[in-house]
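Observations on chain architecture
Each chain, letter by letter, is given below.
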Amino acid sequence: MSRIVIDPVTRIEGHLRVELSPEKLKTSTGEWDVVKEAYCSGTLFRGWETILRGRDPRDAWIITQRICGVCPAPHAEASIQAIEAAFNVTPTPVAVLIRNVLHGAYYIYDHIIHSYILLGPELGVVCKYPPMVPPALGKEGVSKLGIGSSYVGALEIQRKANEIVAIWGGKFPHHQSEYPGGMAVRPTEDRIASSLARMFEIWRWVAETMVKDFYNLLEANEKVGEAVSSLLDINFRGLQDVGASTGNFLSYDLFPDHENYDDWLSVLDSPSKRSSALIHAGAWDGSSKPLDISKIAEYVRYSWYDNESGLNPKDEDAPKPDKNKSEAYSWLKAPRYDGKVYEVGPLARMLNTYGTRWKIPIRNPVTGEDHGYFEYEVLNPKGSVIDRLAARVALTILTSQKVFEWLLELKSYTNQKVTNYRNVPKEGEGFGLWDAPRGGLLHYIKVKDHKIANYQCVVPSTWNLSPRDDFGQPGPVETALEGTWLPNLSVPEICNAIYPEKDVDLSALGLGAMSWGDALAAALTPLGLAELNIERLNGQIYNTSLTLMVVRSFDPCIACAVHVVR
C-alpha cells in the first residue's frame, strides 16, 4: 500500500520518520482524506548500553546526559538514582532539595520551549492566535501587530530558567554537580538569592502570559471545532478530538519529599504511588493504580534487533542490531506496561496526581501575588493535543511555585552535610525512575567487579513513538494519528476555509486588511514556505499540518530513543 512519508519530522529532537496510509471519508460535503494507519520509525540505532559497559559506575550519570542536548538533566537524575540504588546509598535531605531546584528550573525551561517553540506554531496558526505564531514578519510584526510576541518572550524567559540550572549545576546543558549520595555543590546565600531573583521574573511571565495564552487558545478552539464540523460535515469539537491515544497513562513521579525519601524509594521493592512527592507515580486506565516496575517489558518484533522480546529491562542484554530483520521498521523498541500500550508525559503525570479535574492556585509563595486559579477538566479521556498542552501549563505553574518553596527551605540547610559518600561496590544493581518532561524515564544498572556489567534505558519517546509490539498493538502516537484529517489544501487555504473574514489589519506594514490565510501567505511566501507541510503521493498533495501537530504534542525526543544513523 502506498504511504505518505514525512521524513524527517522537523522541530523535534532526533530523527523520526512517519508513514501514513490514507483512506477516504465520505460525508455530505464531499470526500476527505484521513489517516487509516500510521507507522513511526526511529531511524537511528540505540547504542548507549554498549558504550557504558566496562566503565566506572560513577561515570554513567555524566555519560548518559550526552544522550540528548534537550533533556540531559532527567537522564542525569534517573542515572544517579540507579547508581545510588546499586551503591545502597541515599542522598542527604539538602541534596534532594538542591536537585529539586535544579530539575524544577529545567522543567520550567523545557515546558515553555515545547509549548511555544516546538508545538506552539501549529497552535497559533490553526487557532488564529498571532502571539504564538513565529515572528515571520520580523521585529515590526512583533511590535506593531503582536505576531510572535509570546514566542519571542518564551525564548527570553526559558534562558533565565537555564541560568538557575547553571547556578546549581555548573552549566547547562550537561550539568556537573550531582554525585551518588548527594551533590558537589552547597546551598549558599548568593546561589539562593540569584535563583530567587530569576524566579520572580519567570513566575510572573508564567502567571500572566502563559496562562493567558492557553485560555485564549482554549476559547479559539471552539471556533476551530465549529468551522471544521461545518466544512467536513462531521461532529468535531476541536483539538480535543485530535490526537486521542489509548486512554492508558503511566507516570514515574517527580520531585521527592526531602524529609520522606523512603517513600520515594518504596517503588523499587513493591508497587507504589510515591504519594509524598509533588507528582505521583501510577498507571492510569480510568483511575490511578500504584506503579509496579515488574510489569514493564520491551518488545522487539518490529524493531531492528535480534534481542529476546518481552523482557523487563533488568533482564535485557545489550542491543543486537539487525538492519535486515523481516517486518521490522524502527530502531525504537516497544515498551509496554502489563502487556498494554501506555502513553507517558505531562498528561500522564497530571492524571495520576490530580485525576481529570485540576484546580491549581496561581499564587506567588514569596510576595503573595494572587492570580486566582488555573482550572481545567480533561476534555478527552484518551488524551488529545489540547489536553497535553493544558498539562504542560499546569505543571509549569506548579513547578514555578514549588521552586520558590525549595529555595526558601534551603536557607535552613546552609551548614548541613551535603553528600553521603559510598565506595563503588564490587556488585550491585538498581533502577532509577524519574519523569522527564516527555514522560517516564527508567535507567537500570548492574555492577560486577566494580564495573558496569549491564545498563539499560527505557526513555519517554520509546514509549510514545514505539512501533507495533508482538501482539500487533500500535504505539501511542501511531494510535493517536489514526483518523486525523489530511487536507488537500495549503496552510493558507485551510485557514481561509476556517476564517474567511478579512479582519486581519496589516496596514501598519502597508499591506491592508486580509483574511487570516492571506496574511499567512504574505508571511510564508517570501520565506519560501508556500508549501509548508505539503507531502505528495500518486500525484496528489496532502497537508500534514494536523498530523505533525499530533506528533509534536507528544514532544518527541528521538535522540533519547536511538543514537546512530542507520
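The rules behind the values
- Residues numbered from 1 in each chain as written.
- Predicted model: local features only at pLDDT ≥ 70, side-chain atom pairs only at ≥ 80, totals over all residues.
- Heavy atoms only, no water.
- UniProt positions renumbered as here; feature names shortened; annotations may be inferred.
- Helix = DSSP H or I, 4+ residues; strand = E, 2+ residues; numbered from the N terminus.
- Buried < 20%, exposed > 50% of the residue type's maximum accessible area, 1.4 Å probe, protein only.
- Contact = heavy atoms within 4.5 Å.
- Axes fitted to C-alpha atoms, helices over the stretch in contact; angles between N-to-C directions.
- Parallel < 35°, antiparallel > 145°, perpendicular 65-115°, else oblique.
- Left-handed = near helix turned anticlockwise from the far one by under 90°.
- Nonpolar A, V, L, I, M, F, W, Y, C, P; charged D, E, K, R; others polar.
- Pairing = 2+ DSSP bridges.
- Salt bridge = Lys/Arg side-chain N within 4 Å of Asp/Glu carboxyl O.
- Phe/Tyr/Trp six-rings, centres within 6.5 Å; stacked < 30°, edge-to-face > 60°.
- Lys NZ or Arg CZ within 6 Å of the ring centre and 35° of its normal.
- Expected span 1.5 Å × (residues − 1).
- Bend = angle between axes of the 7 residues up to and from the residue.
- Core = buried A, V, L, I, M, F, W, Y, C linked by side-chain atoms within 4.5 Å.

**Some points on the UniProt feature "binding site: Ni(2+)" (unreviewed entry) in the protein chain**
- UniProt's feature table lists "binding site: Ni(2+)" (unreviewed entry) at Cys68, Cys71 and Cys557, given in the numbering used throughout. Despite a sequence span of 490 residues, these residues sit close together in the fold, their greatest C-alpha distance being 8.2 Å.
- Mapped onto the elements of the fold, Cys68 is located in the loop between α2 (60–64) and α3 (72–87).
- On the basis of relative accessibility, which here comes to 1%, the residue Cys557 falls in the buried class.
- Not counting residues up to four positions away in its chain, the partners in contact with Cys557 are Glu13, Cys68, Cys71, Arg438 and Ser461.

**Some remarks on the packing of helix α14 (residues 491–498) against helix α15 (residues 516–524)**
- Contact geometry for α14 and α15: axes closest at 7 Å, N-to-C directions at 160 degrees. The orientation of α14 with respect to α15, classified from their angle, is roughly antiparallel. Note on packing geometry: the crossing formed by α14 with α15 is right-handed. Contacts between α14 and α15 pair Val491, Pro492, Cys495 and Asn496 from the former with Trp516, Gly517, Asp518, Leu520 and Ala521 from the latter.
- Broken down by class, the residue content of the contact of α14 with α15 amounts to 6 nonpolar, 2 polar and 1 charged.

**A few points about the pairing of strand β2 (residues 16–27)**
- The pairing of strand β1 (residues 4–6) with β2 spans 3 bridges and is antiparallel. Bridge pairing in β2 places Val5 opposite Glu19.
- Sheet topology note: the β2/strand β3 (residues 30–42) ladder contains 12 bridges and is antiparallel. From the neighbouring strand, Ser21 faces β3, where its bridge partner is Glu37.

**Some points on the pairing of strand β14 (residues 370–377)**
- Pairing of strand β13 (residues 357–363) with β14 involves 6 bridges; the strand directions are antiparallel. Residue pairing in the sheet places Pro361 in a bridge with Tyr373 of β14.

**Looking at the pattern of salt bridges**
- Per the stated rule, a full pass over the model turns up 39 salt bridges.
- Two residues, Lys333 and Glu298, come together in a salt bridge whose shortest N-O distance is 3.9 Å. Of this pair, Lys333 sits in the loop between β10 (296–299) and β11 (334–337) while Glu298 is found in strand β10, placing the two residues 35 residues apart along the sequence. Taken as a pair, Lys333 and Glu298 share a single burial class, namely buried.
- Taken together, the salt bridges that share partners define one network made up of Glu156, Arg159, Lys160, Glu163, Arg198 and Glu201.

**With respect to the sheet that holds strand β16 (residues 439–448)**
- The strand order β15-β16-β17 describes an open sheet built from 3 strands, whose pairing is antiparallel. Strand pairing shows two members of the sheet lacking a second neighbour, β15 (427–436) and β17 (451–458), which therefore form its edges. Taken pair by pair, the neighbouring strands of this sheet meet at an average axis angle of 15 degrees, ignoring direction.
- The pairing of β16 with β17 spans 7 bridges and is classified as antiparallel. Note on β17: the bridge partner recorded for Lys446 is Asn454.

**Some details on the side chain of Thr209**
- Considering the arrangement of structural elements, one finds Thr209 in helix α8 (residues 189–232).
- Judged by relative accessible area, which is 18%, Thr209 ranks as buried.
- Contact partners of Thr209, with chain neighbours within four places excluded, come to Tyr116, Ser150 and Arg204.

**Considerations on the packing of aromatic side chains**
- The final tally for this structure, using the stated rule, is 26 aromatic pairs.
- Between Tyr39 and Tyr329, the aromatic rings sit 5.5 Å apart at their centres with planes inclined by 80 degrees, giving edge-to-face as the arrangement. Note that Tyr39 is positioned in strand β3 and Tyr329 in the loop between β10 and β11, a separation of 290 residues in sequence. Taken as a pair, Tyr39 and Tyr329 share a single burial class, namely buried.
- Three or more aromatic residues joined by ring pairs form one cluster here, namely Tyr106, Tyr107, Tyr109, Phe172, Phe255, Trp264, Trp406 and Trp434.
- The ring of Tyr39 carries Arg3 above its face, with NZ or CZ at 3.9 Å from the centroid.
- Here the basic side chain of Lys359 rests over the ring of Tyr373, its NZ or CZ set 4.6 Å away from the ring centre.

**Re the UniProt feature "binding site: Mg(2+)" (unreviewed entry) in the protein chain**
- Under the UniProt annotation, the feature "binding site: Mg(2+)" (unreviewed entry) is placed at Glu49 and His563.
- Mapped onto the fold, Glu49 is located in helix α1 (residues 48–52).
- Residue classification places Glu49 among the buried positions, given a relative accessible area of 2%.
- In this structure Glu49 touches Pro319, Tyr455, Gln456 and Cys457, once residues within four positions along its chain are discounted.

**Side note on α8**
- In this model α8 runs 61 Å from its N-terminal to its C-terminal C-alpha over 44 residues, within 8% of the 64 Å that 1.5 Å per residue would give.
- By the largest-angle criterion, Val206 marks the main kink of α8, which is about 35 degrees.
- The positive-phi residue at the C-terminal boundary of α8 is Asp233, with phi of around 55 degrees.

**Side note on the sheet that holds β2**
- Ordered in space as β1-β2-β3, the 3 strands form an open sheet in which the pairing is antiparallel. Each end of this open sheet is capped by a strand with a single partner; those strands are β1 and β3. Strand-to-strand twist of the sheet, defined as the mean angle between neighbouring strand axes without regard to direction, takes the value 30 degrees.
- Together, β1, β2 and β3 form the strand contacts of helix α16 (residues 545–553), whose direction differs from that of β2 by roughly 130 degrees.

**Description of the nonpolar core**
- With 159 residues, the main nonpolar core has Trp358 and Phe374 as its most contacted residues.
- Contact partners of Phe374, with chain neighbours within four places excluded, come to Val211, Phe214, Tyr215, Trp358, Lys359, Ile360, Ile362, Ala390, Val393, Ala394 and Ile397.
- Among the nonpolar cores identified, the runner-up in size contains 17 residues, and Tyr252, Ala281, Tyr342 and Trp463 belong to it.

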